[in-house]
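Structural overview for review
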Amino acid sequence: MDDARRSNALVCPAYQGYPRNQWYVVAFSNEVKRELLQRRVLGDLMVLYRTEDGMPVALADRCPHRGMPLSKGTLIGDAIQCGYHGFTFGATGGCVRVPSQDAIPSKMAVHKYPLVEKWQWIWAWMGDPAKADPAMIPDHHELGLGRAGYTASAIFCMEIKANYQLLHENLLDTSHIQYLHPGQLDNDNAGEATFKTEYLDDRIRIVREMPNTLLNAAMARLFKLPEGSLIDRDLVTETYPPNLSVVQNVFREPGRPNDPPKVHVIVPMAITPGGPRLTYQFTTVATSYPEQRTKQQNDHVWNVFTQDRDALEAIQQGFDELGPDAPEFSVKADQAALRCRQIITDMVRREEARG
Amino acid sequence: MDDARRSNALVCPAYQGYPRNQWYVVAFSNEVKRELLQRRVLGDLMVLYRTEDGMPVALADRCPHRGMPLSKGTLIGDAIQCGYHGFTFGATGGCVRVPSQDAIPSKMAVHKYPLVEKWQWIWAWMGDPAKADPAMIPDHHELGLGRAGYTASAIFCMEIKANYQLLHENLLDTSHIQYLHPGQLDNDNAGEATFKTEYLDDRIRIVREMPNTLLNAAMARLFKLPEGSLIDRDLVTETYPPNLSVVQNVFREPGRPNDPPKVHVIVPMAITPGGPRLTYQFTTVATSYPEQRTKQQNDHVWNVFTQDRDALEAIQQGFDELGPDAPEFSVKADQAALRCRQIITDMVRREEARG
Amino acid sequence: MDDARRSNALVCPAYQGYPRNQWYVVAFSNEVKRELLQRRVLGDLMVLYRTEDGMPVALADRCPHRGMPLSKGTLIGDAIQCGYHGFTFGATGGCVRVPSQDAIPSKMAVHKYPLVEKWQWIWAWMGDPAKADPAMIPDHHELGLGRAGYTASAIFCMEIKANYQLLHENLLDTSHIQYLHPGQLDNDNAGEATFKTEYLDDRIRIVREMPNTLLNAAMARLFKLPEGSLIDRDLVTETYPPNLSVVQNVFREPGRPNDPPKVHVIVPMAITPGGPRLTYQFTTVATSYPEQRTKQQNDHVWNVFTQDRDALEAIQQGFDELGPDAPEFSVKADQAALRCRQIITDMVRREEARG
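Predicted model only: the values in this text are computed from it and were never measured. (Residues numbered from 1 in each chain as written. Chains lettered and ligands numbered in written order. Predicted model: local features only at pLDDT ≥ 70, side-chain atom pairs only at ≥ 80, totals over all residues. Heavy atoms only, no water.)

**As for the overall build of chain A**
In terms of regular secondary structure, chain A is built from 6 helices and 17 strands. Compactness check: chain A gives a C-alpha radius of gyration of 22 Å against a globular reference of 20 Å for 355 residues, within 12% of the reference. By its C-alpha atoms, chain A is 75 × 50 × 35 Å across when sized along the principal axes. Burial status across chain A gives 59% buried among its 355 residues. Of all intrachain contacts in chain A linking residues separated by at least 6 positions in sequence, the fraction that spans at least 24 positions is 60%. When the accessible area of chain A is evaluated, it comes to approximately 14,300 Å², of which 49% is carbon and sulfur surface. Across chain A, the mean location of the 38 positive side-chain charges is 4 Å away from that of the 44 negative side-chain charges. (Helix = DSSP H or I, 4+ residues; strand = E, 2+ residues; numbered from the N terminus. Rg over C-alpha atoms; globule rule 2.2 N^0.38 Å. Buried < 20%, exposed > 50% of the residue type's maximum accessible area, 1.4 Å probe, protein only. Contact = heavy atoms within 4.5 Å. Areas by Shrake-Rupley, 256 points an atom, 1.4 Å probe, with all protein chains shown as cover. Lys, Arg positive; Asp, Glu negative; His and termini not counted. Charge placed at Lys NZ, Arg CZ, Asp CG, Glu CD.)

**Points about the interface of chain C and chain B**
In this complex, chain C contributes 31 residues to the contact, which on the side of chain B involves 25 residues. Where chain C abuts chain B, roughly 2,200 Å² becomes buried across the two surfaces, and 53% of that area is made up of carbon and sulfur atoms. Looking at the side of chain C facing chain B, the largest losses of area belong to Y179, I315 and F329 of chain C, adding up to 31% of the total buried there. Between the two partners, chain C and chain B, sit 4 salt bridges. Across the pair R66 of chain B and D334 of chain C runs a salt bridge whose closest N-O atoms are separated by 3.7 Å. Among the secondary structure elements, those contributing two or more residues to the side of chain C that touches chain B are α2 (164-172), α3 (177-180), α5 (295-322) and α6 (335-354) of chain C. The leading source of residues in the side of chain C that touches chain B is α5 of chain C, at 7 residues. Across the side of chain C that touches chain B, the residue classes tally to 16 nonpolar, 5 polar and 10 charged. (Buried area = accessible area lost by both parts, 1.4 Å probe. Salt bridge = Lys/Arg side-chain N within 4 Å of Asp/Glu carboxyl O. Nonpolar A, V, L, I, M, F, W, Y, C, P; charged D, E, K, R; others polar.)

**Re the relation of the copies chain C and chain B**
For the pair chain C and chain B, the relating rotation is 120°, the translation along its axis is 0.0 Å, and the fit reaches an RMSD of 0.0 Å. What we have between these two chains is a three-fold relation. For chain C, the smallest separation between a C-alpha atom and the rotation axis is recorded for D320 of chain C, amounting to 12 Å. (Least-squares fit on C-alpha atoms with pLDDT ≥ 70 in both.)

**Observations concerning the state of the cysteines**
All chains considered together, the criterion is met by 0 disulfides over all chains. Here C63 of chain A stays unpaired: no disulfide links it, and the sulfur of C82 of chain A, its closest cysteine neighbor, is 4.0 Å away. Just so you know, C340 of chain B is unpaired, no disulfide at all, and the nearest cysteine sulfur is the one on C12 of chain B, 14 Å from it. (Disulfide = S-S within 2.5 Å.)

**Comments concerning the environment of F305 of chain B**
All names here are of chain B. Note on placement: F305 falls in helix α5 (residues 295-322). Its relative accessible area of 13% is what places F305 among the buried residues. Spatially, the C-alpha atom of F305 lies 8.2 Å from that of M158, the residues being 147 residues apart in sequence.

In structure tokens, the structure reads:
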């Protein structure tokens, strides 16, 4: 695997495509209201709002009459009136009014995206509506969202001007926390941690083991553990291609691998391509201890994540200059990332093959 | 006509070309002085100024020696001295001086655009100068400019980052005033107004009839009519492809269609492509009542027109993402716009056919 | 030579390529420190720093592992630790550490650019390191840098968003000082000065003669000569394609061409393409009189050079609109510039031919 060619046989991570017959998180629940919200998802412009009954609706954000974004129109009851010539579309996407005439052309409609609202996430089906299967949405309990004894919070949505594959690979190689976030998330020991990579059907799991870690002040504060004590830490990434990544911190008494964790912090992140060079990272956190998240805590995480964002954007820019054949050199720790790349590439190719 | 395919057989309105053997307004009279003014017209860079005798001149804004914009040079008498190496060009476009040598290469010249200054508009001929025919400029009296009993004013030039065809079509479907300019130009009745479309040679006329309109405060102020009274209103657009559109408001006593209008407001707008995605709208107004236009009045019109500009730019951006084959769905009220599109497309094709 | 076709047979000056097997100045000495400096040279991103012993180092600014710019990493001793996953590269460019494993893939390395530090300039060899020959660097004594009795200073590096060929040609036609820098560098007599063009192997020399020049205030101040006196001035440009241009001012007693100059001011400028539309101009000055350059003096030169920069950027933009076939019209004074264009074009073609 120490081989520059191996990874180049795959799609360049800066130019990964996206499978459409998938659910992607397009908003946190509290972002969608009785107002029109525009969002770009998989290159599509989408307008989001809630009906009077509170159901979220997502329609294609382009009036089929003259191309005006519907999000610039007006919400009237459950329908959107276009802000240019007043053509009106109901929550099913069908046209319900053409002001200048009585007859409504029967084919005039906008695409309606199937939605599922679950926990505080709104998932949209981006492909053929006939194939939308809510069972494909990852089990939220397994993610730690709504799990008994855990406190779960939505934190923020970060926009990254880079391909989403780069974010998946960032999260699968957490050795980077020592170098990109020095002193903030580890005690200078993530880079050399031993690791094991596991493959579970279409999921990837990589565990980094950091036994006998001395808790520095930043870690103690972040994970609610006593500064200066020693702890066995497992840092786990589980990737659900193409749309989710979960990072877990499991802290145990040193030398007691079978004990229940003293502290368990789960960070589920929904990952949604906005377009070829745009990614949304809907970040949440679930802790095994009860907590009321403060703005200060969330700002701290935001600041750490901006370091990732800046790195990914610099890498994207480099590929954009050099093109998709720019070489990369993979080592053993990259096997998980390359597997993720392969899985998503296969998803895209299977869709393309089907037409 | 309720058919998505019909309009797609035409050129996409975001990518309309422009005929060159035509006159286009390139400036208001008071913009052209004893200074060098750069303007982009039909993709060309042009430099405008007046001779010592006050005649307007338009030359290609590129020194043929080394490509420096002449508009960065100096006006000396009736000639422009290039600001790089001092090559000098007279008002006919011919080179009159090369500082480093006595001989002037006989072929060294810049293109001179034929100009006609009429009322407060400066019209330039953008094609073969041999074909320039001032008779092709629309009759200004017919436009209400310089008509006895009318007060005419130049208002402003608005720049729109969208194709000029989109502006022509905006003005031909004035039902939009109800939705894009709510409460500002009508009393919520333009959208459902009955209309008739007429074709006069290469001109298009669409009349929207709004009998028994209750004059709200905004309309009363704008059209100098008593608030709260009832009036019969005709809202007329007359398009002179490719370079002009005239919107008229005709107000009459209810039920007296043959009476002379109580108030008549004509808004002639010269429409000039700056390039494929740039349009100038030289807006003027002529009223049947005497008035001294105030800055407040003009600002009000400016604000309304910025709503059109923003809509057209959003539509252009949408087409730029989706490409010229993005679908549109036309209804009966779009017949006038599609006819305008056809006329301009034919003009362009005839020029292309001729080579 | 008064012929539009002649110069068009050459490469368009806005799209000149660059030979790679050449030395180019990439920084002034004092810009390169114990910090990581990114610079773009011939389209490559380069990271510059000094070793603990003070030797300048230039490496390709892209980690071969995952494409992170190394300039965002950390300098540790003489090595750069990548700021993403900690891969570390020594001053030879070879990888010396992969944190997650003991084995270092033998082929993992970044390109190291040969450097020569001479006077206050750092020259980098941008092509095949095996061909790097320091003897190809122009003789600095000849340039007036480090010459006995002369005071030499580094002034500034100006970035110009235009092709470097346009800068070479700007400096070869110094008649422009009368028009682009009126009253600042001459007494309205550079444009009509007689000139002679000389070719010395791969160098070009053009001498403009301005006898009996009346020294105005600006010139007197700039060249330390008495205002109001008469002087014979030679304005000489010597171009060393592709990477250097030297402008000299030689002032003598009127009518005494064989006397040693009263004042001699040499302005050597290293010219380095950052990319197709980016040029660095590393400007220095050497005077025959001793002087301590002041900020005011340097600001004055900076302001004059911004006029050149703005002109070259406007010309580049014009070519970018019209394309490389945009016509230009050359006269006798352009022979030197066209020869320079030919020499560089030939250099590029010889490299291409060799593969």
